[in-house]
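# Structural characterization, general
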Amino acid sequence: MEAVLRIFRKELVQVFRDRKLVFSTLVLPVLLMPVFMFGPSLFLSRLMQGAAEKVQEVAVAGLPQEALKALEEARLEPVPHPDPEKAVREGRYPAGVAFREGVYRVYGRLASGLTESQVVVEKVKGALQALKEAKVAEALRRAGLPQEVLSPFGVEVVDASPPRERAGGLLGFLLPFFLVVFVLSGGQVVAVDATAGEKEKGTLEALLAAPIPLVQVALGKALATVAMGLLSGVAGLLGLALGGAWSARLGGGILTERGEALALGGQVSLDGGSFLALFLTAFLLALFMGAVMVALGLYARSFKEAQSYMAPLQLLALLPLLFLQFRGFLQLEAWHHLLPLFNVALLMDALLKGSATPLQAGLTWLSTLVYAGAALGLAVWAFGREDVVFRN
């Protein structure tokens, strides 16, 4: 084990000597995650709030007096125009309204993402809906009927999710995704430099000529990859947590395609056992992917070629996480926790929600450890092949 620790220390020291690399891998995620995740949504929410409070001009045609008054009460300024649709299409007005044959047609430029036109259209719809409800209420009053006749019963939807799942919210869904992303990006730095990088520098041959078993060489490099990946994962999650706290304080969130802000729950709480289980799961994932990255990096002829191999590998690792959003439509079975990568995503999600069972954890850990051993065996085999080591 002494040789493993020496190789492990050598690889990490080599990485930490590059201060720019350490800054970009461990410091930048903490600083940039809050900005990239929540900065645009906070800025856009402020713009939309300002647009909602502002008085905008609206092109109108054929509107009765009551509708014009309703628009004015909604902080809109009706401007008569013969063709509101054309005026909106040409960009002269953010929205337009035309009343023909008993139908109000609201025009807006809605195909360009979140714009002021969408905000004004919603203000127009709200004003006309309020006018409609007022006319219905007046008609019922004249007929001597109560307003309850239109709603004979109420419907209430209650969230019956477990407390931890309900408290986690969207943050609980994002945590496994970003944990895997940062583990892979951080581990890639060491894996590529320890294999293809040493090939280019000509130091790999001297290391393999030393009286050290190849399995210890591969294990030392893989453990260094794991350590850097976990450090990067911690840095990324710290940045995500800081961004979530900042967003919650400023009243922001992640914007949907409809312009609605989803608040990021910052109340993901783990007890000691769940935290250790989550850490062990991340460690086994990093060990598995680290061994794979070491094997791929050794196969590459150059540093650039090794980096080109890592991008598809990261996409492959992220693919199971995308299916997490459809897990509610699937009937999960025990064998799902034997599928590589997918089992880790399922277990992380269950741990954060407090619904993980010992069987699920055991199957995931054991299968991932087997996959990591197989990947490490592949790396040892690659180190023993001269046509791979000297493939440059």
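Labelled according to an unreviewed UniProt entry, the chain appears under the name Sodium transport system permease protein, originating from Thermus arciformis.

This brings us to the confidence of the model for the chain. On average, the chain scores 82 in pLDDT, and the residues at 70 or more come to 88%. In the predicted structure, residues 254-266 sits below a pLDDT of 50 and forms 32 contacts with residues beyond four places in sequence or in another chain.

Turning to helix α5 (residues 116-142), a few remarks are in order. Compared with an ideal rise of 1.5 Å per residue, which puts 27 residues at 39 Å, α5 spans 39 Å between its outermost C-alpha atoms and is within 8% of the ideal. Along α5, the residues classified as buried are Ser-117, Gln-118, Val-119, Val-120, Val-121, Lys-123, Val-124, Ala-127, Leu-128, Leu-131, Ala-137 and Leu-140. Residue Gly-144 follows α5 closely and has a positive phi angle near 75°.

So, on to the environment of Tyr-104. Topologically, Tyr-104 is positioned in strand β4 (residues 103-108). Take Tyr-104: its relative accessible area is 27%, and that puts it in the partly exposed class. A sequence separation of 24 residues divides Tyr-104 from Leu-128, and the C-alpha atoms of the two residues are 8.4 Å apart. If sequence neighbours within four positions are ignored, Tyr-104 has contacts with Leu-63, Pro-64, Ala-67, Val-97, Ala-98, Phe-99, Leu-128 and Leu-131.

Attention shifts here to the UniProt feature "transmembrane region" (unreviewed entry) in the chain. Residues given the UniProt feature "transmembrane region" (unreviewed entry) here are residues 21-39, 170-192, 222-246, 275-299, 311-328 and 364-384. Between the C-alpha atoms that bound residues 275-299 there is a distance of 36 Å. The span itself is 100% helix and 0% strand. The annotated region residues 364-384 carries 95% helix and 0% strand content, and the separation between its end C-alpha atoms amounts to 30 Å.

Turning our eyes to something else, we now look at the packing of aromatic side chains. On inspection of all chains with the given rule, the structure shows three aromatic pairs. Their ring planes at 40° and their centres at 4.3 Å tell us that Phe-99 and Tyr-104 sit as a pair that is tilted.

Once that is clear, we can look at the pairing of β4. Two strands pair when backbone bridges link them, and strand β3 (residues 95-100) and β4 are joined in this way by six bridges, in the antiparallel orientation. Bridging across to β4, Ala-95 finds its partner in Gly-108. Here β3 folds back onto β4, and the loop between the two strands holds two residues, one of which, Glu-101, carries a positive phi near 55°.

It is worth spelling out the sheet that holds strand β1 (residues 56-61) at this point. Adjacent strands of a sheet form backbone hydrogen bonds with each other and so pair up, either parallel or antiparallel. Spatially, four strands are ordered β2-β1-β3-β4 in an open sheet, and the strand pairing comes out mixed. In the strand order of this sheet, the two ends are held by β2 (76-80) and β4, each with one partner. Mean inter-strand twist for the sheet, computed between neighbouring axes without regard to direction, equals 30°. Two elements, β1 and β3, share three bridges in a ladder whose sense is parallel. Within β3, the position partnered with Val-60 by the bridge is Val-97. Its contacts with the sheet place helix α3 (residues 65-73) against β1, β2 and β4, and it is angled at close to 140° to β2. The strands touched by α5 are β1, β2, β3 and β4; relative to β4, the strand with the most contacts, the crossing angle is about 165°.

Per the stated rule, a full pass over the model turns up 15 salt bridges. Here Glu-85 ties to Arg-89 by a salt bridge, and the two come within 3.0 Å at their closest N and O atoms. Placement of the pair is Glu-85 and Arg-89 together in helix α4 (residues 84-89), with a separation of four residues, close to one helical turn. With a relative accessible area of 35%, Glu-85 lands in the partly exposed category. Its salt-bridge partner being Asp-193, residue Lys-201 comes within 3.8 Å of it at the nearest N-O pair. Salt bridges here are not isolated pairs; linked through shared partners, they connect Lys-10, Glu-11, Glu-198 and Lys-221.

To continue, consider the nonpolar core. Counting 56 residues, the largest nonpolar core has Val-180, Leu-285, Phe-288, Met-289, Met-348 and Phe-383 as its most contacted members. Secondary structure elements with two or more residues in this core: α6 (163-201), α7 (204-209), α8 (214-250), α9 (272-299), α10 (303-322), α11 (342-353), α12 (358-383) and α13 (386-389). By residue number, the principal contributor to this core is α9, which donates 14 residues. Those residues in contact with Phe-383, other than ones at most four positions away along the chain, are Leu-204, Leu-208, Leu-214, Val-217, Ala-218, Lys-221, Val-294, Leu-298 and Val-389. Judged by nonpolar contacts, the second largest core, of 16 residues, contains Leu-63, Leu-71, Ala-95 and Val-121.

Here is what the cut-offs are and how they apply
Residues numbered from 1 in each chain as written. Predicted model: local features only at pLDDT ≥ 70, side-chain atom pairs only at ≥ 80, totals over all residues. Heavy atoms only, no water. pLDDT = per-residue confidence, 0-100. Contact = heavy atoms within 4.5 Å. Helix = DSSP H or I, 4+ residues; strand = E, 2+ residues; numbered from the N terminus. Expected span 1.5 Å × (residues − 1). Buried < 20%, exposed > 50% of the residue type's maximum accessible area, 1.4 Å probe, protein only. UniProt positions renumbered as here; feature names shortened; annotations may be inferred. Phe/Tyr/Trp six-rings, centres within 6.5 Å; stacked < 30°, edge-to-face > 60°. Pairing = 2+ DSSP bridges. Axes fitted to C-alpha atoms, helices over the stretch in contact; angles between N-to-C directions. Salt bridge = Lys/Arg side-chain N within 4 Å of Asp/Glu carboxyl O. Core = buried A, V, L, I, M, F, W, Y, C linked by side-chain atoms within 4.5 Å.

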